[in-house]
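Close look at the chain arrangement
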Amino acid sequence: EERWIHYAFCSGVNCSHLYENGQLVATTQHTSNPAGPVEGSIQLGRSLMDYPTSSRQDYALACALDDLRIYNRILQPGEVMAIFDYESKQDPFRN
């Protein structure tokens, strides 16, 4: 099934939030700062875990990425929903 899905990932010092189509779907607490300096490459749509029985490539998303935004602050839930609402109405072939 082909359909457009909006994902937003917001990460701060103590927690990270994942949104799908404007709705919060996951929250993770952590003690390190994942938004800090990154060594190596960043791969969108791939697992960050090393699984003992398979390679990272087995966990790549099978999709096309049409927009990427990086903000210098954490978006509030209402901002994530507003972006989803706006973007979902821009293309008649979405959803």
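A brief structural summary.

Basis of the calculations
Residues numbered from 1 in each chain as written. Predicted model: local features only at pLDDT ≥ 70, side-chain atom pairs only at ≥ 80, totals over all residues. Heavy atoms only, no water. Core = buried A, V, L, I, M, F, W, Y, C linked by side-chain atoms within 4.5 Å. Buried < 20%, exposed > 50% of the residue type's maximum accessible area, 1.4 Å probe, protein only. Helix = DSSP H or I, 4+ residues; strand = E, 2+ residues; numbered from the N terminus. Contact = heavy atoms within 4.5 Å. Pairing = 2+ DSSP bridges. Salt bridge = Lys/Arg side-chain N within 4 Å of Asp/Glu carboxyl O.

Counting residues in each nonpolar core, the largest one holds 6 residues, listed as Ala8, Cys10, Tyr19, Leu75, Val80 and Ile83. Among the secondary structure elements, those contributing two or more residues to this core are strand 1 (7-11) and helix 1 (77-88). Beyond its immediate chain neighbours, meaning those up to four positions away, isoleucine 83 contacts His6, Arg69, Tyr71 and Leu75.

This brings us to the pairing of strand 2 (residues 15-20). Pairing between strand 1 and strand 2: 5 bridges, direction antiparallel. Each residue of the ladder has a partner; that of cysteine 10, found in strand 2, is histidine 17. Between strand 1 and strand 2, which pair antiparallel and follow one another directly, the connecting turn spans 3 residues. When strand 2 meets strand 3 (residues 23-29), the two strands line up antiparallel, connected through 6 bridges. Note on strand 3: the bridge partner recorded for leucine 18 is alanine 26. Joining the antiparallel neighbours strand 2 and strand 3 is a turn of 2 residues, in which asparagine 21 adopts a positive phi near 50 degrees.

Okay, the pattern of salt bridges next. Applying the stated criterion across every chain, the model contains 3 salt bridges. Arginine 69 is paired through a salt bridge with glutamate 87; the nearest N and O atoms lie 2.5 Å apart. Remark: glutamate 87 occurs in helix 1 and arginine 69 occurs in the loop between strand 3 and helix 1; sequence separation between them is 18 residues. Between glutamate 79 and arginine 73 there is a salt bridge, with its nearest N and O atoms 2.8 Å apart. A network of salt bridges, in which partner residues are shared, links Asp67, Arg69 and Glu87.

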